[in-house]
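In case you want the letters, here they are:
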Amino acid sequence: MLDADFFRRWMAATAASVHREADRLTALDSAIGDADHGSNLQRGFTAVRSALEKEAQDTPGAVLTLAGRQLISTVGGASGPLYGTLLRRTGKALGDAAEVSTEQLAEALRAGVDGVMALGGAAPGDKTMIDALAPAVDALADGFAAARAAAEEGAVATTPLQARKGRASYLGERSIGHQDPGATSSALLIAALEEAAEG
Ligand code: ADP
Ligand code: MG
Ligand code: MG
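Note that the structure is predicted; figures quoted are calculated from it, not measured. (Residues numbered from 1 in each chain as written. Chains lettered and ligands numbered in written order. Predicted model: local features only at pLDDT ≥ 70, side-chain atom pairs only at ≥ 80, totals over all residues.)

Asks: What is the right way to read unusual backbone geometry from this model?
Replies: Peptide bonds are, in most cases, trans, and in most cases residues other than glycine have a negative phi. Its identity as a non-glycine residue notwithstanding, alanine 35 has a phi of 60 degrees, on the positive side. Mapped onto the elements, alanine 35 comes out in the loop between helix H1 (4-32) and helix H2 (37-54). The partly exposed category is assigned to alanine 35, around which 15 C-beta atoms lie within 10 Å. Not every positive phi belongs to a glycine, and lysine 127 is a case in point at roughly 65 degrees. Secondary-structure assignment places lysine 127 in the loop between helix H5 (102-120) and helix H6 (130-139). Note on lysine 127: 28 C-beta atoms within 10 Å, which makes it buried. (Helix = DSSP H or I, 4+ residues; strand = E, 2+ residues; numbered from the N terminus. Buried ≥ 20, exposed ≤ 12 C-beta atoms within 10 Å, placed from the backbone.)

Asks: Would you explain helix H3 (residues 60-74) in this entry?
Replies: Along an α-helix, residues three or four positions apart point the same way, because every turn accommodates 3.6 residues. Taking 1.5 Å per residue, 15 residues should reach 21 Å; H3 reaches 21 Å between its end C-alpha atoms and fits that length. Residues of H3 that are buried: Pro60, Gly61, Val63, Leu64, Thr65, Leu66, Ala67, Gly68, Gln70 and Leu71. Among the structural elements, strand S1 (2-3), H1, H2, helix H4 (79-94) and strand S2 (99-100) are those in contact with the buried residues of H3. (Expected span 1.5 Å × (residues − 1). Contact = placed C-beta atoms within 7 Å.)

Asks: Can you help me understand the packing of H1 against helix H8 (residues 181-198) in this one?
Replies: Two numbers describe a pair of packed helices, the interaxial angle and the distance between the axes. Contact geometry of H1 with H8 gives a least axis separation of 8 Å together with a crossing angle of 150 degrees. It follows from the interaxial angle that H1 and H8 lie roughly antiparallel. In this structure, the crossing between H1 and H8 has a hand that is right-handed. When H1 is examined against H8, the residues Phe6, Arg9, Trp10, Ala13, Thr14, Ser17, Val18, Glu21, Leu25, Leu28 and Asp29 are found in contact with a partner set consisting of Pro181, Thr184, Ser185, Leu188, Leu189, Ala191, Ala192, Leu193, Glu195 and Ala196. Looking at the contact of H1 with H8 residue by residue, the classes come out as 13 nonpolar, four polar and four charged. (Axes fitted to C-alpha atoms, helices over the stretch in contact; angles between N-to-C directions. Parallel < 35°, antiparallel > 145°, perpendicular 65-115°, else oblique. Left-handed = near helix turned anticlockwise from the far one by under 90°. Nonpolar A, V, L, I, M, F, W, Y, C, P; charged D, E, K, R; others polar.)

This is the structure we're talking about:
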């Protein structure tokens, strides 16, 4: 079972890998966007980390809801409201249980991803974070390692696609041949689940 500490470790591990990979995320966003994805998420997850250190949220749902709120209020770019919605919706779907199973997390994350699709209007194949998140949710029944592999594969598979949502879509065919920054950061978020599970 996954408790509030697991979810705090998940957010802390995400913050650490966003910090490590910030330059790469920004470089990807400079090719097909406005070169701020790394700094956007660094600002957001730094706020998440300090909010979680200050407030002792004692359920998985409360941890994710607080994290989502921080992302919405601190990230100016499109990714802030989208990731914020992902975590808030997922947190809301977990309710006030003290511990949740991996199956419950998978179900809640599916509600979160549905929330992102409703907010941003993107479907799989539009070259967005959805292309990493949706396959990861599908694979989560087989464990965190399977979810990580599916997210990484999904992110890599955005390279030949033409963007149909977000800033990259303004480039039309010129968005082809570059990996989507948001799908890349989503793969980091999912990979951090495995780190959280290792303790
Ligand atoms: P901005 O584009 O406002 O500068 P970021 O650079 O932080 O924001 O985030 C860009 C990423 O957000 C994209 O790579 C893409 O994955 C994701 N994104 C943008 N628009 C959408 C959308 N409508 N639905 C889902 N994801 C989106
Ligand atoms: Mg950007
Ligand atoms: Mg921007």
